[in-house]
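Residue-level structural notes
One-letter residues, chain by chain:
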Amino acid sequence: IVPASTLGGSAVLSLSGTDTQIIAVEDNATALAVEAPMLGLEVLSVRSYLEAIGAISAQRAGVSLTSFNPNPLRIQPLTTMG
């Protein structure tokens, strides 16, 4: 779990070559300003450290993080056949 703007640090870059999940916290701004898209890193972006802890807890419990998506699929209206 690291601030989203510090992804250029040596620890994160070392972990990026492994199976370790990197969680980037957006609410913690730093002076470094190196973010995931700049480096082509795949990270899990969260808003706060509390949300990061929730994401880890959900993953350990076997709950898919996509089930927490705030944008559910739209239900299409039924059409009558006739």
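Please refer to the structure placed before this passage.
Quick look at the structure, then. (Residues numbered from 1 in each chain as written. Predicted model: local features only at pLDDT ≥ 70, side-chain atom pairs only at ≥ 80, totals over all residues. Heavy atoms only, no water.)

**Overview of the pattern of salt bridges**
Inspection of every chain in the model, using the stated rule, returns one salt bridge. Across the salt bridge formed by E51 and R47, the nearest N and O atoms sit 3.3 Å from each other. A residue is classified by how much of its surface remains accessible, and R47, at 54% relative accessible area, is exposed. (Salt bridge = Lys/Arg side-chain N within 4 Å of Asp/Glu carboxyl O. Buried < 20%, exposed > 50% of the residue type's maximum accessible area, 1.4 Å probe, protein only.)

**With respect to the nonpolar core**
In this structure, V2, A4, L7, V12, I22, A24, A36 and L41 together form the largest nonpolar core, which totals eight residues. Ignoring any residue separated from it by four or fewer positions in sequence, one finds A24 in contact with V2, A4, L7, V43, L44, S45 and V46. In this structure, V25, V46, A52 and A55 belong to the second largest nonpolar core, which totals six residues. (Core = buried A, V, L, I, M, F, W, Y, C linked by side-chain atoms within 4.5 Å. Contact = heavy atoms within 4.5 Å.)

**Digging into the environment of E51**
Tracing the backbone through its elements, the reader meets E51 in helix α3 (residues 49–60). Take E51: its relative accessible area is 29%, and that puts it in the partly exposed class. Between the C-alpha atoms of E51 and G40, which are 11 residues apart in sequence, the distance is 23 Å. (Helix = DSSP H or I, 4+ residues; strand = E, 2+ residues; numbered from the N terminus.)

**A look at α3**
Its 12 residues give α3 an end-to-end C-alpha distance of 17 Å, which sits within 8% of 16 Å, the value for a rise of 1.5 Å per residue. All of the buried residues in α3 are A52, A55 and A58. For α3, the angular spread of buried residues about the axis comes to 125°, placing them on one side. Opposite its buried face, α3 presents the exposed residues L50, I53 and R60, each directed more than 90 degrees away. Looking one or two residues past α3, G62 carries a phi angle of roughly 85°, positive in sign. (Expected span 1.5 Å × (residues − 1). Arc of directions from axis to C-beta.)

That's the geometry; what it means functionally is another story.
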